[in-house]
Amino acid sequence: MERTYQVTYACDSLDPNPVVKTFDLFDEMQDWITEKVEERVQWFVDHSPYSISEKERSDQEELEYSLVQIKEI
């Protein structure tokens, strides 16, 4: 039986319209999530008026991953 994965990625915990994508391949899904999280973390770093420490960057990455939900459909 083939699995399909549905990924929901919100911009914050109250996002009424999160990004929802489906993937047939686990690796494809994983690559997309990694790429999108990295884009958002880099945006956070680039737009911060302050210097971002490695700890702050790591915390932001953790926050971004917490906004991702994966469901097999």
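Residues numbered from 1 in each chain as written. Predicted model: local features only at pLDDT ≥ 70, side-chain atom pairs only at ≥ 80, totals over all residues. Heavy atoms only, no water.

**Considering the packing of aromatic side chains**
The geometry of an aromatic ring pair comes down to the distance between the two centres and the angle between the two planes.
Point 1. For the structure on display, the rule yields three aromatic pairs.
Point 2. An angle of 80 degrees between the planes, with centres 6.4 Å apart, marks the rings of Tyr 9 and Trp 32 as edge-to-face. One end of the pair, Tyr 9, is in strand 1 (residues 5-9); the other, Trp 32, is in helix 1 (residues 26-47), with 23 residues separating them in the sequence.
Point 3. Accessibility expressed as a relative area gives 1% for Tyr 9, which makes it buried.
Point 4. On the basis of relative accessibility, which here comes to 14%, the residue Trp 32 falls in the buried class.
Point 5. Taking 5.7 Å as the distance between ring centres and 45 degrees as the angle between the ring planes, the aromatic pair formed by Phe 23 and Trp 32 counts as tilted.
Point 6. Here Phe 23 falls in the buried class, since its relative accessible area comes to 5%.
Point 7. Pairwise contacts between aromatic rings join Tyr 9, Phe 23 and Trp 32 into one cluster.
Point 8. Against the face of Tyr 9 rests Arg 40, its NZ or CZ located 3.6 Å from the ring centre. (Phe/Tyr/Trp six-rings, centres within 6.5 Å; stacked < 30°, edge-to-face > 60°. Helix = DSSP H or I, 4+ residues; strand = E, 2+ residues; numbered from the N terminus. Buried < 20%, exposed > 50% of the residue type's maximum accessible area, 1.4 Å probe, protein only. Lys NZ or Arg CZ within 6 Å of the ring centre and 35° of its normal.)

Everything listed here is a matter of coordinates, which is why it stays silent on function.
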